[in-house]
Amino acid sequence: SNPMTGAMGAIVAPSPPAGKRFDGMTITIINRSQILGRPLASLLSNDGATVYSIDKDSILLYNNRRVKRLLNSFSSSSSSPKDMEFCVREAQVIITAVPSS
């Protein structure tokens, strides 16, 4: 039996190895929470993605298992190109959640 052939003769592509499944993908997460946003950003980054994590106070970049603060506050007039619009435009995937009150 051919290892690349699955049930009923379907061709099965091997999945990328762990740490490479999202390699080259840019993902933006809006609303960084302790329950969903931060763990998800770390998980995706550890699997190869470049992740912009946005909340009301800052933008963090998760890349190659490292975290870097890109923008400290939206209230200041920052000339940083890494604003929310930039992060959304760069992303192939956008994830957002509304925190409960």
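Please read all numbers here as calculations on a predicted model, not as lab measurements.

A.B. asks: Go over the overall build of the protein chain with me, naming the residues and quoting the values.
C.D. replies: Along the backbone of the protein chain there are 2 helices and 5 strands. Traced from its N-terminal end to its C-terminal end, the protein chain shows the element sequence β-α-β-β-β-α-β. For the protein chain, buried positions account for 27% of its 101 residues. Considering only intrachain contacts with a sequence separation of at least 6, the fraction spanning at least 24 residues in the protein chain is 46%.

A.B. asks: Talk me through the confidence of the model for the protein chain; I want residue IDs and the actual numbers.
C.D. replies: A residue-level look at the protein chain finds 76% of positions with pLDDT of 70 or above and a mean pLDDT of 81. Per-element confidence in the protein chain is highest for strand S1 (residues 26-30), whose mean pLDDT is 95, and lowest for strand S4 (residues 66-71), whose mean pLDDT is 85.

A.B. asks: So, the packing of aromatic side chains: which residues are in play, and what are the values?
C.D. replies: Tallied over the full model, the rule gives 1 aromatic pair. Measuring from ring centre to ring centre gives 6.1 Å for Tyr52 and Phe86, while their planes differ by 85°; the resulting arrangement is edge-to-face. On the criterion of sequence distance, the pair formed by Tyr52 in strand S2 (residues 50-54) and Phe86 in helix H2 (residues 84-90) is long-range, its members being 34 residues apart.

A.B. asks: Which residues make up the environment of Phe86, and what are the values?
C.D. replies: For Phe86, a relative accessible area of 24% puts it in the partly exposed group. In this structure, the C-alpha to C-alpha distance between Phe86 and Tyr52, residues 34 residues apart in sequence, is 9.9 Å.

A.B. asks: Can you explain helix H1 (residues 37-46)? Please cite residues and give values.
C.D. replies: Every buried residue of H1 is accounted for by Gly37, Ala41, Leu44 and Ser45. Relative to the axis of H1, the buried residues are bounded by an arc of 100° and lie together on one face. Taken together, the buried residues of H1 touch S1, S2, strand S3 (59-63) and strand S5 (93-96). After H1 finishes, the residue Gly48 shows a positive phi value of roughly 105°.

A.B. asks: Tell me about unusual backbone geometry, and name the residues and values.
C.D. replies: In this model, Asn31 sits at a positive phi of 80°, which is unusual for a non-glycine residue. Take Asn31: it is sitting in the loop between S1 and H1. For Asn31, a relative accessible area of 31% corresponds to the partly exposed category.

A.B. asks: Explain the environment of Arg89 residue by residue, including any values.
C.D. replies: By the element assignment, Arg89 lies in helix H2. Residue Arg89 is classed as exposed on the basis of its relative accessible area, which comes to 65%. Along the chain, Arg89 and Thr26 lie 63 residues apart, while their C-alpha atoms are 9.9 Å from each other.

A.B. asks: Could you give me a rundown of the pattern of salt bridges, with the residues and numbers involved?
C.D. replies: Once their charged atoms are close, side chains differing in charge can pair, the charge on each being opposite to the other. Inspection of the entire model under this criterion finds 3 salt bridges. Residues Arg89 and Glu85 are paired through a salt bridge, measuring 2.9 Å at the closest nitrogen-oxygen approach. Here Glu85 and Arg89 lie together in helix H2, a separation of 4 residues that amounts to about one turn.

A.B. asks: Go over the sheet that holds S4 with me, naming the residues and quoting the values.
C.D. replies: If you walk across this open sheet you meet the 5 strands as S4-S3-S2-S1-S5, and the pairing is mixed. At either end of the open sheet lies a strand with only one pairing partner, and these are S4 and S5. For this sheet the average axis-to-axis angle between neighbouring strands, irrespective of direction, equals 20°.

Conventions used here
- Residues numbered from 1 in each chain as written.
- Predicted model: local features only at pLDDT ≥ 70, side-chain atom pairs only at ≥ 80, totals over all residues.
- Heavy atoms only, no water.
- Helix = DSSP H or I, 4+ residues; strand = E, 2+ residues; numbered from the N terminus.
- Buried < 20%, exposed > 50% of the residue type's maximum accessible area, 1.4 Å probe, protein only.
- Contact = heavy atoms within 4.5 Å.
- pLDDT = per-residue confidence, 0-100.
- Phe/Tyr/Trp six-rings, centres within 6.5 Å; stacked < 30°, edge-to-face > 60°.
- Arc of directions from axis to C-beta.
- Salt bridge = Lys/Arg side-chain N within 4 Å of Asp/Glu carboxyl O.
- Pairing = 2+ DSSP bridges.
- Axes fitted to C-alpha atoms, helices over the stretch in contact; angles between N-to-C directions.

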